[in-house]
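The lines below spell out each chain.
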Amino acid sequence: MKAVSCVQGTLSVVDIAAPRPAQGQLVLDVRSCGICGSDLHAKDHADELAEVFDETGYPDGMRSTTPTVMGHEFSGEVAERGAGTPKALKVGTRVVSFPMVRAHGGVHLTGLSPLAPGGYAEQVLVEAAMTFPVPNGLSMDVAALTEPMAVALHAVRRSEVTKRDTAIVIGCGPVGLAVICQLKARGVATIVASDFSPGRRALASQCGADIVVDPKVDSPYARAIGKGVVTDFAGLAELGVGSMERLRKLPGWQYVYRAADALGAAGPKRPVIFECVGVPGMIDGVIAAAPLTSRVIVVGVCMGTDQIRPTMAIGKEIDLRFVFGYTPLEFRDTLHMLADGKLNASPLITGKVGLDGVSAAFEALGDPESHAKILVDPRSMATAP
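From a predicted model like this one, the values you see are computed outputs, not experimental measurements.

Student: Hey, could you run me through the overall build of the chain in this one?
Tutor: Broken down by element type, the chain carries twelve helices and 17 strands. Computed over C-alpha atoms, the radius of gyration of the chain comes to 23 Å, within 12% of the 21 Å expected from 2.2 N^0.38 for 385 residues, which places it in the range of a compact globule. For the chain, the proportion of contacts with a sequence separation of at least 24, taken over those separated by at least 6, is 71%. Element-wise, carbon and sulfur atoms account for 55% of the exposed surface of the chain, whose accessible area totals about 17500 Å². Seen as two clouds, the 36 positive and the 40 negative side-chain charges of the chain have centres 10 Å apart.

Structure follows, in structure tokens:
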């Protein structure tokens with residue numbers, strides 16, 4: 001079958017053996033596969049990625065010298081069934097699948113390991129236990145966004161953001177846009193989005209951002225400040241002393257204080273900030289600019305070495321959380337949110353190519369004004385997005 005192989009930073013269409021399903025596995029005819037930011041990085045920096053995989057106990061990630069078929073955001077139709085697969089997943093069923101597969105004595109990351117070829121191909125091997133039928137006639141292009149939208153759902157859930165909160169999204173590439181979509185679906189009261197690119201700011205508005213900021217002109221943090229938000233130590237000190245001056249006039253003031261503390265009303269309000277850029281210096285920059293007691297969710301994947309100033313984070317009592325991936329339930333729920341119309345991810349799709357156009361698509365994604373998410377359809381003859 002035809003597939004796009006990556007080796008030494010070069011993408012080329014090659015012929016490889018078609019996959020065959022083992023016990024509990026399915027072969028899918030790929031119908032749509034998104035190009036992820038991690039694929040863009042892995043193309044030219046696979047060895048850096050492999051070092052991280054090695055240190056986390058996964059030695060089988062792609063390297064610059066190992067030909068790898070990337071693509072982990074895919075939808076497809078069941079073409080062949082292995083023994084022991086559910087009858088509901090019959091040939092022709094439209095599905096999406098969690099990008100992990102059993103092969104070569106272990107479980108491997110589909111599209112990020114040479115041992116598990118991904119969706120930039122005519123067919124892909126998947127586990128039936130991790131595969132979900134596409135409901136409600138959802139288009140296969142939108143269904144292919146299940147994976148990146150599940151990443152965003154996991155980040156939003158880990159943030160513990162509420163509908164009353166203000167969310168700030170720093171960076172409106174595909175990751176940031178997906179987070180905005182999920183925040184909108186959750187009903188968050190105010191979503192502030194920040195990006196230098198006019199094109200990405202326009203997409204952020206389409207995805208549901210209430211306030212869109214060019215950080216060269218305005219601060220997203222300033223736009224998010226509301227009643228009860230404290231931006232500096234002087235404000236925190238005044239809040240503390242002023243509150244106690246009022247409370248101490250009440251009999252049993254400590255009980256009032258304790259009740260307010262239990263309800264989360266004793267301290268300053270804080271925005272929930274999603275760092276979706278993933279370049280060195282961003283985390284420290286967010287910590288320095290964020291209001292006191294902010295919760296910062298690091299979603300952007302910075303592959304280089306970075307540093308922060310702990311005293312700044314300590315002094316502002318910043319809550320810093322890192323997120324990665326998603327659970328099978330979040331993956332399934334995201335698919336159904338898309339199919340039920342509760343989650344609108346269609347603004348992310350800005351282009352489509354066939355296998356012969358994958359290399360051109362990677363180049364096009366280097367321009368933030370041109371594209372957000374380009375999909376690969378192995379049946380397409382398009383060579384440019």
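Moving on from the coordinates now.
Student: How should the sheet that holds strand S11 (residues 190-194) be read in this particular structure?
Tutor: Backbone hydrogen bonds hold the strands of a sheet together, and the pairing may be parallel or antiparallel. Taken in spatial order, the six strands of this open sheet run S12-S11-S10-S13-S14-S15, and their pairing is parallel. The open sheet is flanked by strand S12 (211-213) and strand S15 (319-322), the only strands paired with a single partner. The average undirected angle you get between the axes of adjacent strands in this sheet is 20°. Judged from the five bridges that link them, strand S10 (residues 166-170) and S11 form a sheet pairing that is parallel. Opposite isoleucine 168, over in S11, you have valine 192 as the bridge partner. Relative to the sheet, helix H4 (residues 174-186) contacts S10, S11 and strand S13 (272-275), its axis offset from that of S10 by approximately 165°.

Student: Explain the domain arrangement of the chain here, please?
Tutor: Interface extent is often summarised as the accessible area lost during association of the parts. The domains assigned to the chain are domain 1 (2-133 + 345-376) and domain 2 (148-322). When each unit is reduced to the centre of its C-alpha atoms, the spacing between domain 1 and domain 2 is 34 Å. Taken together, the contacts link twelve residues of domain 1 with 14 residues of domain 2. At the boundary of domain 1 and domain 2, one finds two residue pairs in polar contact (both at pLDDT 80 or more). With four residues, the single largest contributor to the side of domain 1 that touches domain 2 is helix H1 (residues 37-55).

Student: Would you mind going over the side chain of glutamine 25 with me for this structure?
Tutor: Counting through the fold element by element, glutamine 25 comes out in strand S3 (residues 25-34). One polar contact links the side chain of glutamine 25 to the main-chain amide nitrogen of alanine 22, over a distance of 2.9 Å. Of note is the side chain of glutamine 25, whose polar atom sits 2.9 Å from the backbone oxygen of arginine 102. Once residues lying within four places of it in the same chain are set aside, the contact partners of glutamine 25 are Arg20, Glu80, Arg81, Gly82, Thr85, Val101, Arg102, Leu125, Val126, Glu127 and Ala128.

Student: How do you make sense of the packing of helix H3 (residues 146-159) against helix H11 (residues 328-339) when you look at a structure like this?
Tutor: Helix packing for two helices is described by the angle between their axes and how far apart those axes are. In the contact formed by H3 and H11, the axes pass within 8 Å of each other and the chain directions differ by 110°. The pairing of H3 with H11 is recorded here as roughly perpendicular in orientation. Crossing handedness for the pair H3 and H11: right-handed. Between H3 and H11, the residues in contact are Thr146, Glu147, Met149, Ala150, Leu153, His154 and Arg157 and Glu330, Phe331, Thr334, Leu335 and Leu338, respectively. Considered class by class, the residues forming the contact of H3 with H11 number six nonpolar, three polar and three charged.

Student: It is not clear to me how the UniProt feature "domain: Alcohol dehydrogenase-like N-terminal" (unreviewed entry) in the chain should be interpreted in this structure. Could you clarify?
Tutor: Those residues carrying the UniProt feature "domain: Alcohol dehydrogenase-like N-terminal" (unreviewed entry) are residues 23-135 in this numbering. End-to-end, the C-alpha atoms of residues 23-135 are 25 Å apart, and along that stretch the chain is 17% helix and 35% strand.

Student: Where do I start with helix H5 (residues 198-207) in this structure?
Tutor: Think of an α-helix as turning once every 3.6 residues; residues three or four places apart then point the same way. Considered for burial, the residues of H5 that qualify are Arg201, Leu203, Ala204 and Cys207. Each buried residue of H5 sits inside an arc of 160° when the element is viewed along its axis, so together they form one side. Its side-chain oxygen placed 3.3 Å from the backbone nitrogen of glycine 199, serine 197 serves as the N-cap of H5. Phi for glycine 208, located one or two positions after H5, is positive at around 125°.

Student: Where do I start with H11 in this structure?
Tutor: Between its first and last C-alpha, H11 extends 17 Å over twelve residues, near the 16 Å set by a 1.5 Å rise per residue. Within the sequence span of H11, burial applies to Glu330, Phe331, Thr334, Leu335, Met337, Leu338 and Ala339. Looking at the buried positions of H11, the neighbouring elements they touch are strand S5 (94-97), strand S9 (131-133), helix H2 (140-143), H3 and H4. Where H11 terminates, the next one or two residues include glycine 341, which has phi positive at roughly 80°.

Student: What should I look at first to understand empty space enclosed by the protein in this one?
Tutor: Empty space among the atoms becomes apparent when a probe as large as a water molecule is rolled across them. For the structure on display, the rule yields one cavity of 30 Å³ or more. Considered as a void within the structure, the largest cavity measures approximately 30 Å³ in volume. What lines the largest cavity is simply His72, Glu73, Phe74, Val96, Ser97, Ala143, Ala144, Thr146, Glu147 and Phe331. If you list the elements that add at least two residues to the lining of the largest cavity, you get strand S4 (73-81), S5 and H3. Counted by class, the lining of the largest cavity contains five nonpolar, three polar and two charged residues.

Student: For this particular structure, what's the right way to read the packing of aromatic side chains?
Tutor: Note on aromatic pairs: each is described by the distance of the centres and the angle between the planes. Enumeration over the complete set of coordinates arrives at six aromatic pairs. Judged by centre distance (5.1 Å) and plane angle (70°), the rings of phenylalanine 98 and tyrosine 326 are edge-to-face. Taken together, the positions of phenylalanine 98 in the loop between S5 and strand S6 (100-103) and tyrosine 326 in the loop between S15 and H11 put the pair 228 residues apart, joining distant regions of the chain. Of the two residues examined, phenylalanine 98 and tyrosine 326, each falls in the buried class. Relative to phenylalanine 362, the ring of tyrosine 120 lies with its centre 6.3 Å away and its plane at 85°, an arrangement referred to as edge-to-face. Pair noted here: tyrosine 120 is in the loop between strand S7 (106-109) and strand S8 (123-127) and phenylalanine 362 is in helix H12 (residues 358-364), with a separation of 242 residues, a long-range link. Since its relative accessible area comes to 7%, phenylalanine 362 is described here as buried. Taken together, the aromatic side chains of Phe98, Phe132, Tyr326 and Phe331 make up a single cluster linked through ring pairs.

Scoring rules and cut-offs
Residues numbered from 1 in each chain as written. Predicted model: local features only at pLDDT ≥ 70, side-chain atom pairs only at ≥ 80, totals over all residues. Heavy atoms only, no water. Helix = DSSP H or I, 4+ residues; strand = E, 2+ residues; numbered from the N terminus. Rg over C-alpha atoms; globule rule 2.2 N^0.38 Å. Contact = heavy atoms within 4.5 Å. Areas by Shrake-Rupley, 256 points an atom, 1.4 Å probe, with all protein chains shown as cover. Lys, Arg positive; Asp, Glu negative; His and termini not counted. Charge placed at Lys NZ, Arg CZ, Asp CG, Glu CD. Pairing = 2+ DSSP bridges. Axes fitted to C-alpha atoms, helices over the stretch in contact; angles between N-to-C directions. Domains from an automatic or database assignment. Polar contact = N/O pair within 3.5 Å; in protein donor to acceptor, adjacent residues only side chain to side chain. Parallel < 35°, antiparallel > 145°, perpendicular 65-115°, else oblique. Left-handed = near helix turned anticlockwise from the far one by under 90°. Nonpolar A, V, L, I, M, F, W, Y, C, P; charged D, E, K, R; others polar. UniProt positions renumbered as here; feature names shortened; annotations may be inferred. Buried < 20%, exposed > 50% of the residue type's maximum accessible area, 1.4 Å probe, protein only. Arc of directions from axis to C-beta. Expected span 1.5 Å × (residues − 1). 1 Å grid on protein atoms, 1.4 Å probe; cavity = no way out; pocket = protein on both sides within 12 Å on 5 of 7 lines; lining within 4 Å. Points joined across faces, edges and corners; volume = space filled by probe spheres on them. Phe/Tyr/Trp six-rings, centres within 6.5 Å; stacked < 30°, edge-to-face > 60°.

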